[in-house]
Amino acid sequence: MERSIVSDGDKMYRITHKEELCETVKLFDIEAPLIAKNFKPGQFLIVRIDETGERIPLTIVDTDRINGTVRIIFQEVGKTTKKLGMLRPGDTLQDVTGPLGKPAEIEKFGKVVCVGGGVGVAPLYPQAKAFKEAGNEVISILGARRKELIILEDEIRKVSDRVYITTNDGSYGRKGFVSDVLRELLEKEKFDRVVTIGPAVMMMAVAMVTKPHNVKTIASLNAIMVDGTGMCGACRVTVGGETKFTCVDGPDFDAHLVDFRELMERQKMYISEEIRATEAYKEELESALLSVYSLLKQRKG
Amino acid sequence: MPIIKEKTKMKEQDPKERIHNFYEVALGYSPEEALREADRCLQCKNAPCIKGCPVNIDIPGFIKLIKDGKFDEAIQKIKEKNNLPGITGRVCPQEEQCEKYCTMGKKFEPVGIGRLERFVSDWETKKGIKLPEKPVPTGKKVAIVGSGPAGLTCAGDLAKLGHSVTIFESLHKPGGVLIYGIPEFRLPKKIVENEVNYIKKLGVEIKTDVVVGKTITLEELLDEYDAIFIGTGAGLPRFLGIPGENLNGVYSANEFLTRVNLMKAYRFPEYDTPVKKGKRVAVIGAGNVAMDSARTALRLGAEKVYIVYRRSEKEMPARNEEIEHAKEEGVEFLLLTTPVRITGDENYWVKQMKCIKMKLGEPDESGRRRPIPIEGSEFEIDVDLIIIAIGQRPNPLIPQTVKGLKTTKWGTIEVDENGRTSLDRVWAGGDIATGAATVIAAMGAGKRAAADIHKYLKTGE
């Protein structure tokens, strides 16, 4: 019997697959058929783990329309992402909403440089793939603090004509920053578009490097969000002197017009609360571990 | 029987106590108080009160039943017209609607119609809700976009008529503004949940986490459903457009209230969502949302909360009751004042707000006297949190993503008096069609659309 597309909406958001890309970076496949069906590169989703959880935006790496799953990659930084990282295949999430945000502008531009830093490579991958499929020559530059944090290298290689890798400590690829490689390339070659996703400070550096060469540069911004549908304005950002909402007007914006200083300051708004929540969560975990430990001890005794 | 000139008072939490908690402020009538108030109703034959009610509740009818002690029948009488009486009994601006036309009100205080509605609704909730008889299924399917007051009402009415109804809600909880916007102390979320459960028990299915226009398109819905009602509300915050508005510590009222109400940030870190609790808070605007924001900030522990409004007290759009409550709780009103600049500290945090004094000039197109800045009257106030509550715009998601759906220059969806849009089989109502208005107005629109959708499903016209 043909299944109604709509009735899939009330499915449980079950984790079907999990990989640890490194100690703090995890990959999940999650059942969310409607999101899988309508996702376009550049879009994101919002996850809420449980009844007391917060809503956090996460990037979509890939989708499997046949199995109705979406693939996400995230880095454990605060309580919510740490808690998420503890989940296993078979576990379900309370809420997954998406795909949100405007799709990336994918066209045949010519030569496109994709610059990704850290877990920013995750949402960069579907864009790089789409640019390749649209007939562009794709040059990818991936960067991370150290070797283990370079993710999706094989996947990126498959959709790129050339790949450059940098690490801050020189443990893999070239020692230094993605912007160093980009600067050198720009001196030798002409590019039609640069797309950058990663930490705000990196995207700002990329924008500064491309600006004198007048290459259209698109940054995908990672602002703090609540609803993700344009209702709250938590994610507002100044672009070309105008206030925009990252969730509905973006997340992609012209990097030469973005006020990155403001974005970075706004990202720090809840640092003290984040620390408090993470500490409380650690204590919770430790006391849980202790009680398991004492139970085991009792049994042995 | 002597005439009782004044409304029977409703017990309230003491202001000194209530600013430290999120429990409901107004405590409702006891059965004795309800009987006493019901006795004040003159049972006018022409029932002027009904014409003030956007959903035409038989007001003298239900009050008569209360008089006779028939509380169960009274609530059924209300529910003939209103699916959400626990909500409207609390948040309707009765002073501008039913009670405005009350004959008693001509000489004395009007009958406390809203309080009586609330009383019988709470009475029923305590006793257990009775469901109407199950209708014969019509086999027709209707999709409702948005689970706020318009959507819930439309869904409830259509389900009662035997149609199969599914509501699509973008957030993780149904209720729309009733859940994310109106605070617990004014409308307990338990009440909203009860009313939503009633709608579900009528047979309505609610799918959360579905953003129509993103997760599924309206066109996809049209393939599966016979009719669609759009009730996506006016959820987009307006900002002032003054320098410093994106500094840390400046919230839209929507964000501030959503964090506290929907995400329960007042219980952080038990709940994961944080909210900034200012010590000195300025709320810009003087509508109900501004009062809600100011009173929420107090409850989170603010030492000083200002309402900053560019006109005078007379023009404040909030309900009198809300303004009174805010005053009782210690909110300070800076009237005829408008902010011109927000300045921050070296860490990008709000520090000061520069304001200018205003005077009132000639009436503008809204009929209210236009505020004019008084040159040289600038002054600064020290604040560490600013909440902008100057109104909301209609949600653009559906108008933006649907071809052929006509909108107005204000971004609202164009509809006729029955809620029909420019698209075949698509109706709209509530704030998305009118711009930001009241809960009951949205419910009225949901009701009219439901009646018209029913007619269409029966006759094809």
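Residues numbered from 1 in each chain as written. Chains lettered and ligands numbered in written order. Predicted model: local features only at pLDDT ≥ 70, side-chain atom pairs only at ≥ 80, totals over all residues. Heavy atoms only, no water.

(A) Examining the overall build of chain A more closely. The helix and strand tally for chain A stands at nine helices and 16 strands. Computed over the C-alpha atoms, the radius of gyration of chain A is 20 Å, within 12% of the 19 Å expected from 2.2 N^0.38 for a compact globule of 301 residues. Each principal axis of the C-alpha atoms in chain A carries an extent, and together these give about 70 × 55 × 40 Å. Within the span of chain A, comprising 301 residues, buried residues form 53% of the whole. Long-range pairs, those at least 24 residues apart, make up 65% of the contacts in chain A between residues at least 6 apart in sequence. Accessible area of chain A: about 13600 Å², with a carbon and sulfur share of 51%. Charge-centre separation for chain A: the mean point of 44 positive side chains lies 2 Å from the mean point of 45 negative side chains. (Helix = DSSP H or I, 4+ residues; strand = E, 2+ residues; numbered from the N terminus. Rg over C-alpha atoms; globule rule 2.2 N^0.38 Å. Buried < 20%, exposed > 50% of the residue type's maximum accessible area, 1.4 Å probe, protein only. Contact = heavy atoms within 4.5 Å. Areas by Shrake-Rupley, 256 points an atom, 1.4 Å probe, with all protein chains shown as cover. Lys, Arg positive; Asp, Glu negative; His and termini not counted. Charge placed at Lys NZ, Arg CZ, Asp CG, Glu CD.)

(B) Region of the structure containing the pattern of salt bridges. Residues and elements named next belong to chain B. Evaluation of the coordinates by the stated rule reveals 55 salt bridges over all chains. Residue E95 is joined to R319 by a salt bridge in which the shortest nitrogen-to-oxygen separation is 3.1 Å. With E95 in the loop between α6 (85-91) and α7 (104-107) and R319 in the loop between β10 (304-308) and α15 (320-328), the pair connects residues that are 224 residues apart, well separated along the chain. Overall, the relative accessible area of 33% leaves E95 in the partly exposed class. Among the residues examined, R319 registers a relative accessible area of 4% and is labelled buried. Of the charged contacts, one joins K141 and E224 as a salt bridge, the two residues approaching to 3.8 Å between their closest N and O atoms. With K141 in strand β3 (residues 141-145) and E224 in helix α12 (residues 218-224), this pair connects stretches of sequence that are 83 residues apart. One network of salt bridges, in which partners are shared, links E12, R18, R186, D292, R295, R299, E322, E328 and E329. (Salt bridge = Lys/Arg side-chain N within 4 Å of Asp/Glu carboxyl O.)

(C) Structural detail: the sheet that holds strand β6 (residues 227-230) of chain B. Residue and element names in this part refer to chain B. On the basis of which strands lie adjacent, the open sheet formed by five strands has the order β5-β4-β3-β6-β18 and parallel pairing. Each edge of the open sheet carries a strand with a single partner, namely β5 (205-207) and β18 (426-428). Strand-to-strand twist of the sheet, defined as the mean angle between neighbouring strand axes without regard to direction, takes the value 20 degrees. As paired elements, β3 and β6 share four bridges and run parallel to each other. Opposite I144, over in β6, you have F229 as the bridge partner. (Pairing = 2+ DSSP bridges. Axes fitted to C-alpha atoms, helices over the stretch in contact; angles between N-to-C directions.)

(D) Just the packing of aromatic side chains, in detail. This model, assessed by the stated rule, comprises 11 aromatic pairs over all chains. Ring centres of F109 of chain A and F131 of chain A lie 6.1 Å apart, and the angle between their planes is 55 degrees; on these two criteria the pair is classed as tilted. Pair noted here: F109 of chain A is in the loop between β7 (95-100) and β8 (111-117) and F131 of chain A is in helix α3 (residues 121-133), with a separation of 22 residues, a long-range link. Look at F245 of chain A and F239 of chain B: their rings are 6.2 Å apart centre to centre, the planes differ by 90 degrees, and that puts the pair in the edge-to-face class. Here F245 of chain A is found in strand β15 (residues 242-245), whereas its partner F239 of chain B is found in the loop between β7 (236-237) and β8 (250-252) on a different chain. Accessibility expressed as a relative area gives 7% for F245 of chain A, which makes it buried. (Phe/Tyr/Trp six-rings, centres within 6.5 Å; stacked < 30°, edge-to-face > 60°.)

(E) Highlighting the domain arrangement of chain A. All names here are of chain A. Examined at the domain level, chain A breaks down into domain 1 (13-100) and domain 2 (111-267). Measuring from the centre of the C-alpha atoms in domain 1 to the corresponding centre in domain 2 gives 21 Å. Each partner contributes residues to the interface: domain 1 has 19 residues there, and domain 2 has 21 residues. Taken over both partners, the interface formed by domain 1 and domain 2 buries close to 1500 Å², and the fraction arising from carbon and sulfur atoms is 68%. At the boundary of domain 1 and domain 2, one finds one salt bridge. Here K129 and D62 are joined by a salt bridge, their closest N and O atoms 3.6 Å apart. Connecting domain 1 to domain 2 are two residue pairs in polar contact (both at pLDDT 80 or more). (Domains from an automatic or database assignment. Buried area = accessible area lost by both parts, 1.4 Å probe. Polar contact = N/O pair within 3.5 Å; in protein donor to acceptor, adjacent residues only side chain to side chain.)

(F) Unusual backbone geometry, seen in detail. Along the chain, G250 of chain A connects to P251 of chain A via a cis peptide bond; the corresponding omega equals 10 degrees. Each neighbour pair has its own omega, and for F268 of chain B with P269 of chain B the value is 5 degrees, a cis peptide bond. Along the chain, P269 of chain B falls in the loop between α13 (253-262) and β9 (280-284). With phi around 55 degrees, L152 of chain A is a residue other than glycine that occupies positive phi space. Topologically, L152 of chain A is positioned in the loop between β9 (137-144) and α4 (153-159). A relative accessible area of 11% places L152 of chain A in the buried class. With phi around 50 degrees, L336 of chain B is a residue other than glycine that occupies positive phi space. On the secondary structure map, L336 of chain B appears in the loop between β11 (332-334) and β12 (337-344).

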